[in-house]
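Notes for the structure review
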Amino acid sequence: NSDTQADDYFNTVLYTGDGNSDHSITGVGFQPDWIWFKKRSGVQSHSLFDSTRGTDLRLQSDTTSADASTTTQLESFDSDGFTVNTNANVNGSGATYVAWNWKANGGTTSSNTDGSITSTVQANTDAGFSIGTFTKGSDVETVGHGLSVAPDLLIVKRRNGTGSWAVYHSANTANPETDYVRLNLTNATADDATFWGDTAPTTSVFSVGAAFNSGETLVCYAFHSVEGYSKFGSYIGNGNADGPFVFTGFRPAYVMIKRTDAVSAWDIFDATRNTFNVVNNNIQANANAAEASYTDLLLDFLSNGIKIRQLGVNASGGTYIYMAFAEAPFKYANAR
């Protein structure tokens, strides 16, 4: 498809709340299937919704809370955006918000029997993104993710009770399947076979171990790198104001960075909140804090990657993982 562009699958929108119901936000460019909301102008937890779980179930990246039923946040997923209700998490009067939007399969799910657990999946194989839900049994089991390439990133959250957000990242360590980080915490990477069963994801399944208890209902957001659109990688800091250049192969629209060998926040940057370099408007996925602009958290978004500018994400010898999505069109029209 010659007109395929990166922003067909990911886009950031900014808006100001009005405190009223039926507040329609447009400009996403597609009907989103995963929306991640954060109030910018004040303290408020993140709100994460997807079209599999529906508009009335909310998760928070900064807490361990279960799926919470709410009718006052997201009203609908729309053809060019979404409609929000009166809740301050998404629509406080005069407050400013960011919403990061990803496209999966328009809310259309299918039963996936690739793994030992049957999962319910909606996948966008072009964009390397799927949303899956499943119920854990006992021991180490496998779960079908619906993609055609092994995932580089798995973000798994318990829904029917409290539990941390478990993250697998293919560039985390030399043996990433043995390790995990938690999206809601600043902890460094930990080695624990009970998360992914010490088994790397394959082109069809990922593994879940005893860290996820029998009977837990879970959601998984799975991604793999797609040339010209997304990249899930790592870099090592040099402790210098002239930090490393991180090649992505595209101009980033969104980057989330986490140091893995020490306590560190999950720092989110995007080219919509910072429309030109230096990029330093930071939101932390693990915290409910308002957006902040730090003098030691500075990046440049370049045509083919990220230039690290300061020590906040550049400790000498520190190891960092990142997820990045493109602003520019795919490099090739048939990029898959």
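These numbers come from a predicted model, not from an experiment.

Reading the values: rules and limits
- Residues numbered from 1 in each chain as written.
- Predicted model: local features only at pLDDT ≥ 70, side-chain atom pairs only at ≥ 80, totals over all residues.
- Heavy atoms only, no water.
- Core = buried A, V, L, I, M, F, W, Y, C linked by side-chain atoms within 4.5 Å.
- Buried < 20%, exposed > 50% of the residue type's maximum accessible area, 1.4 Å probe, protein only.
- Helix = DSSP H or I, 4+ residues; strand = E, 2+ residues; numbered from the N terminus.
- Contact = heavy atoms within 4.5 Å.
- Lys, Arg positive; Asp, Glu negative; His and termini not counted.
- Salt bridge = Lys/Arg side-chain N within 4 Å of Asp/Glu carboxyl O.
- Polar contact = N/O pair within 3.5 Å; in protein donor to acceptor, adjacent residues only side chain to side chain.
- Pairing = 2+ DSSP bridges.

1. Overview of the nonpolar core
Judged by nonpolar contacts, the single largest core of 35 residues is most densely connected at Trp34, Trp36, Trp102 and Tyr221. For this core, the secondary structure elements donating two or more residues are β3 (34–39), β9 (96–102), β12 (129–135), β14 (153–158), β19 (217–223), β22 (252–259), β23 (266–270) and β28 (319–326). Beyond its immediate chain neighbours, meaning those up to four positions away, Trp36 contacts His46, Ser47, Leu48, Ser61, Val98, Ala99, Trp100, Trp102, Leu183, Met256, Ile268 and Ala285. Phe250, Val279, Ile308 and Ala326 belong to the second-largest nonpolar core, a separate cluster that totals 19 residues.

2. Observations concerning the side chain of Lys157
Mapping Lys157 onto the fold places it in strand β14. In this structure Lys157 is buried but unpaired, with Asp67 as the nearest side chain of opposite charge at 7.7 Å. A polar atom in the side chain of Lys157 sits 3.0 Å from the backbone oxygen of Ser65. Here the side chain of Lys157 touches Gly163 through a polar contact of 3.0 Å, landing on its backbone oxygen. Discounting residues that sit within four places of it in the chain, Lys157 has contacts with Leu59, Thr63, Thr64, Ser65, Ala66, Thr162, Gly163, Ser164, Trp165, Thr217, Leu218 and Val219.

3. Quick word on unusual backbone geometry
Trans peptide bonds make up the majority, and among non-glycine residues the majority have a negative phi. Put simply, Asn277 and Val278 share a cis peptide bond, and its omega is 10°. Looking at the element boundaries, Val278 is found in the loop between β23 and β24 (281–284). In this structure, Asp198 takes a positive phi of about 55° despite not being glycine. We classify Asp198 as partly exposed; its relative accessible area is 39%.

4. Quick word on the sheet that holds strand β25 (residues 292–293)
Spatially, the six strands line up as an open sheet ordered β20-β28-β22-β23-β24-β25, and their pairing is antiparallel. Either end of the sheet is taken by a strand with one partner, and the two such strands are β20 (230–236) and β25. Pairing between β22 and β23: five bridges, direction antiparallel. Among the inter-strand pairings, Ile257 is bridged to a residue of β23, identified as Asp267.

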